[in-house]
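Per-entry structural report
Letter by letter, the chains look like this.
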Amino acid sequence: CIMSATSFVVTPVLYRQYYPQEKKNKASLFWFGLGVNIFMGNVVAITQQALWGRALDYAASGKTVARNIHYRSVIQGGLACEGRSA
């Protein structure tokens, strides 16, 4: 979902609104889109995937049954354990 949103929504909107008109061509759209997808899309997607994995571990760590996910606790636990690299 994240990658398709950056490809088909974010990239065209940012390119149309903020890229200088005199520099717009097919090559600049390609490189702009590649940059947005690689840097912004991947950062968001990887962060979301890491949070989801930690949230599943958190939910499964209940003693007998799965517990509800409390995302603040998930994030605080990751930061306490691994610091900002989490």
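Residues numbered from 1 in each chain as written. Predicted model: local features only at pLDDT ≥ 70, side-chain atom pairs only at ≥ 80, totals over all residues. Heavy atoms only, no water.

With that out of the way, let us pick up the overall build of the protein. Counting secondary structure elements, the protein contains three helices and zero strands. Tracing the protein from N to C terminus, the helices and strands come up as α-α-α. Radius of gyration (C-alpha) of the protein: 19 Å, far over the 12 Å computed for a compact globule of 86 residues. For the protein, the spread of C-alpha atoms along the three principal axes comes to 60 × 25 × 15 Å. Counting across all 86 residues of the protein, residues that qualify as buried make up 15%. Within the protein, counting contacts between residues at least 6 apart in sequence, those at least 24 apart form 39% of the total. Counting only carbon and sulfur atoms, one obtains 63% of the accessible surface of the protein, whose full area is about 6800 Å². (Helix = DSSP H or I, 4+ residues; strand = E, 2+ residues; numbered from the N terminus. Rg over C-alpha atoms; globule rule 2.2 N^0.38 Å. Buried < 20%, exposed > 50% of the residue type's maximum accessible area, 1.4 Å probe, protein only. Contact = heavy atoms within 4.5 Å. Areas by Shrake-Rupley, 256 points an atom, 1.4 Å probe, with all protein chains shown as cover.)

Let's shift gears to a nonpolar patch on the surface. On the surface, Phe30, Trp31, Leu34, Ile38 and Phe39 cluster together into a nonpolar patch covering about 560 Å² of accessible area. The residue phenylalanine 39 is located in helix α2 (residues 26-60) in this model. (Patch = residues over 30% accessible without salt bridge, like charges linked within 9 Å, V, L, I, M, F, W, Y side chains within 5 Å. Salt bridge = Lys/Arg side-chain N within 4 Å of Asp/Glu carboxyl O.)

A word on α2. Across its 35 residues, α2 extends 49 Å between first and last C-alpha, which sits within 8% of the 51 Å expected from 1.5 Å per residue. Of the positions making up α2, those classed as buried are Ser28, Gly33, Val36, Asn37, Gly41, Ala55, Tyr58 and Ala59. Check the buried side of α2 and you find it contacts α1 (2-18) and α3 (71-82). With a side-chain oxygen lying 3.0 Å from the backbone nitrogen of alanine 27, the N-terminal cap of α2 falls on asparagine 25. (Expected span 1.5 Å × (residues − 1). Polar contact = N/O pair within 3.5 Å; in protein donor to acceptor, adjacent residues only side chain to side chain.)

Attention now goes to the pattern of salt bridges. By the definition in use, this model includes one salt bridge. With its nearest N and O atoms 3.0 Å apart, the salt bridge here joins glutamate 82 to arginine 54. With glutamate 82 in helix α3 and arginine 54 in helix α2, this pair connects stretches of sequence that are 28 residues apart. Overall, arginine 54 belongs to the partly exposed group, its relative accessible area being 25%.

For the protein, per-residue confidence averages 86 on the pLDDT scale, and 99% of positions sit at 70 or higher. Considering each helix and strand of the protein separately, the mean pLDDT is smallest for α1, with a value of 86, and largest for α2, with 89. (pLDDT = per-residue confidence, 0-100.)

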